[in-house]
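Read off the chains here:
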Protein chains: 2
Amino acid sequence: MKQFCEMSEDELKKMKSELEAEYEAFKSKGPKLDMSRGKPNKAQLDLANGMLDVLSSSSDMKASDGMETRNYGGLPGIPECRQLFADLMGVDSKNVVVCGAASLTIMYDYIAQCMIFGCGGEPWMKQGNIKFLCPAPGYDRHFGILKHFGIEMINIKMNDDGPDMDSIEEYVKDKSVKGLFCVPKYSNPDGITFSDEVVRRFAALKPAAEDFRVIWDNAYIIHDINDTPDELLNIFDEAKKQGSEDMFIEVCSTSKISFAGAGISAVAASDANIKAILDRMTIQIISHDKVNQLRHVRYFKNLDGIKAQMKKHAEILRPKFETVTNGFSKAFDGTGIARWKNPNGGYFVSLYVMNGCAKRVGQLCKDAGLTLTTVGATYPYGIDPDDSNIRIAPSFPDVEELEKAVELLCICVKLAACEKLLTK
Amino acid sequence: MKQFCEMSEDELKKMKSELEAEYEAFKSKGPKLDMSRGKPNKAQLDLANGMLDVLSSSSDMKASDGMETRNYGGLPGIPECRQLFADLMGVDSKNVVVCGAASLTIMYDYIAQCMIFGCGGEPWMKQGNIKFLCPAPGYDRHFGILKHFGIEMINIKMNDDGPDMDSIEEYVKDKSVKGLFCVPKYSNPDGITFSDEVVRRFAALKPAAEDFRVIWDNAYIIHDINDTPDELLNIFDEAKKQGSEDMFIEVCSTSKISFAGAGISAVAASDANIKAILDRMTIQIISHDKVNQLRHVRYFKNLDGIKAQMKKHAEILRPKFETVTNGFSKAFDGTGIARWKNPNGGYFVSLYVMNGCAKRVGQLCKDAGLTLTTVGATYPYGIDPDDSNIRIAPSFPDVEELEKAVELLCICVKLAACEKLLTK
């Protein structure tokens, strides 16, 4: 197809009216399509159904250390479950605390703890205006936490190998810059995995603030979708070389391994940080759900068990990702009006449309019955400075529905591009 | 037995040496006894084992509104589980949010929210020194939360029908007094249930602080142990009459109904407070463990199912409570050195020994191999002004062990009394 920007006004007008007809034809069918949230689909949930059978009224409910999982106690988690997460994150089990259903809660609670009590300095609430660096586009719920706590957000450009480290190294010279959330593997939404150099530069950061924290949200730590998975350096291995372990708080969960609605989560951190987290947690809870911890370990057994499960997830997800990226190729190759990546894992495809067109695309999709992640949500304060990024979540719809959704989306992207070029 | 205070010095000395011999005989057997924590015992945990069978890989995992419990979503809880807790607390299900494994977390998070964001006024952290009223003796973990957040604790006397309301009504005239934790039914440790008058006076409180909150920790809401259970007025019914619903945050859990290590908890509050709690929670978590909610509702079915379960708990607990109170009667009747109540429910017997003797009793017990709740822990800052209260948790040991523990405890109480009277 011809580059849109090389088309004459007449060509654009003709294309626009053809697209409008296609759009109206779609709309008239009254579709209800949704590519908005990174939710597993039913087939993925069914993969873990065996977990519901693994414990029964006749099960031995003791953990490996003899602890009765049905009773109080065991705040850091049962030993075999700590070990499973330790193996997953590549750390020592003493540096792992297993928590409740959501790693989001771990992150929220950690920031709350820093706000009220600090983390090696004055409480953040008592330090006046503080700031976080926000690689963007990023995960809307990270930005949500920061907004909630009134922490100023500074956009950081995402490069192909991770956040722009030049800019981060510059910003951390400011003592009021207190931290950063990131998704280092298969980033949300770009699907980028941080390069070895980026990880090493993170580990080597020398922030002016002694209470600077990087929340290393390893949400897609083992969530490959094909046979060419990305590899991420172990942040704690690199941090140890630099003596910067206290700077990193890593979290992950089984939300997209077992059940999104009934998984378990874990945090990995330095000895000092784990102590601070447990000191707080011991006031907050007697123990997390240890029966669910036991259920997970008895079901998955070990890291190989999780890997085998993730291969099954990949079988389900890969065709969906291909539906999206093939649809994009078919519609946009040669047009110059959109770019995207074909990620090797994670939950999203990140589409960049012509600058100034993303909101219009979102509106067109919505009017025709296709729900997308709110355009702009992938940026701090919901403002995409280029109005270009659209996060596509292919996991929940089935392939047939997805094909329709992608087709409609592509029509909207082209239509918005025509409108834009014609009003120039 | 003769009143100790009427004994001559010789009589006391004789008794003391007899008690010392009994004590040493006990100690020499090297017992390992524990009456320290309100933990269910194995037989109680086994009562709910059927819950582990209620969901299987072939179960319909949809909630009553069609929501897929295994997936994200449904922050306030699945409808039938909200209804179950609503029936338990006697409120509308729209005023209930079902949470994770611990009501302690709900309370901690609520106080954290008030500290950072406030509840109808400035954030508590920005109001200088703030205070909580602490009916004492009380639950050590309530005091733990207050100490953690640096909230000043003021002791309030516990009368036979609940906290001393005269004193509370006086203290709330101070704007810096922001709230109060209490266990209104089968209070921890006294086993007292607030009288109708006390509940009505709570509802009618007119605190100077517009952001005053009563955390109504209904931990033993349905935890009767005999056929003469206490009745507690519904706080929200009374508050509605006074227009004071916003003042009360009620919590409860299934920790001592199903599994202490894998239960579910819930909060009930006014429309405005539920909105504020959900506004915060939506940043903190996508949804709590809905599969465990479904498991609980499918197992208990309704409030009658819970009541039937609690009757089974009572069968196990009643003999244990009787072992303690009968042991006390046998040892102390007529001595004038100890008093206690025979509670109709809850998890504790609260023993008051001679003033100035509780710590000594704790030490004697410890030295002989009996662990008690740390003496003083039932008071703010761990300081019992009378050094008199000892919290007895009879649930965990079996009856035989309990008999020994009570016998040893009684020896220690008498011995400490002799020592005290002889040094006067």
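For the structure, see preceding data.
Summary of the structure given here. (Residues numbered from 1 in each chain as written. Chains lettered and ligands numbered in written order. Predicted model: local features only at pLDDT ≥ 70, side-chain atom pairs only at ≥ 80, totals over all residues. Heavy atoms only, no water.)

### Section: unusual backbone geometry
Where the residue is not glycine, phi is negative for most of them; where a peptide bond is considered, it is trans in most cases. Across the junction of A:Ala136 and A:Pro137, the peptide omega takes the value 10 degrees, indicating a cis bond. Positive phi outside glycine occurs at B:Asp387, with the angle close to 45 degrees.

### As for the pairing of strand S13 (residues 389-392) of chain B
Residues and elements named next belong to chain B. Alternating positions in S13 separate into two faces, Asn389 and Arg391 on one and Ile390 and Ile392 on the other, with burial throughout. In terms of strand pairing, strand S11 (residues 349-353) meets S13 through four bridges, oriented antiparallel. Bridge assignment links valine 349 to a residue of S13, and that residue is isoleucine 392. (Buried < 20%, exposed > 50% of the residue type's maximum accessible area, 1.4 Å probe, protein only. Helix = DSSP H or I, 4+ residues; strand = E, 2+ residues; numbered from the N terminus. Pairing = 2+ DSSP bridges.)

### Overview of the packing of helix H3 (residues 79-89) of chain A against helix H10 (residues 290-300) of chain A
Residue and element names in this part refer to chain A. The interhelical angle for the contact between H3 and H10, taken along N-to-C directions, is 60 degrees, at an axis separation of 9 Å. Considering their axes alone, H3 and H10 lie oblique with respect to each other. Here the hand of the crossing between H3 and H10 comes out left-handed. Contacts between H3 and H10 involve Glu80, Cys81 and Leu84 from the first element and Gln293, Leu294 and Val297 from the second. (Axes fitted to C-alpha atoms, helices over the stretch in contact; angles between N-to-C directions. Parallel < 35°, antiparallel > 145°, perpendicular 65-115°, else oblique. Left-handed = near helix turned anticlockwise from the far one by under 90°. Contact = heavy atoms within 4.5 Å.)

### Side note on helix H5 (residues 140-148) of chain A
Residue and element names in this part refer to chain A. Among the nine residues in H5, seven count as buried, and that is most of the element. Those residues of H5 that fall on the buried side of the exposure criterion are Asp140, His142, Phe143, Gly144, Ile145, Leu146 and His148. In the stretch just after H5, glycine 150 is the one whose phi turns positive, near 70 degrees.

### Points about the pattern of salt bridges
A full pass over the atoms with the stated rule returns 46 salt bridges over all chains. One salt bridge in this structure joins B:Asp46 and A:Arg70, with 2.8 Å as the shortest N-O distance. Separated into two different chains, B:Asp46 in helix H2 (residues 42-47) and A:Arg70 in the loop between helix H2 (42-47) and H3 make up a pair that spans both. Among the residues examined, A:Arg70 registers a relative accessible area of 3% and is labelled buried. Where A:Arg280 meets A:Asp109, a salt bridge forms, and the shortest distance between an N and an O atom there is 3.7 Å. Here the residue A:Arg280 occupies a position in helix H9 (residues 271-284), and A:Asp109 occupies one in helix H4 (residues 103-117), the gap between them amounting to 171 residues. Note on A:Arg280: relative accessible area 4%, which makes it buried. The class of A:Asp109 is buried, set by a relative accessible area of 11%. (Salt bridge = Lys/Arg side-chain N within 4 Å of Asp/Glu carboxyl O.)

By themselves, these observations are geometric and do not establish any function.
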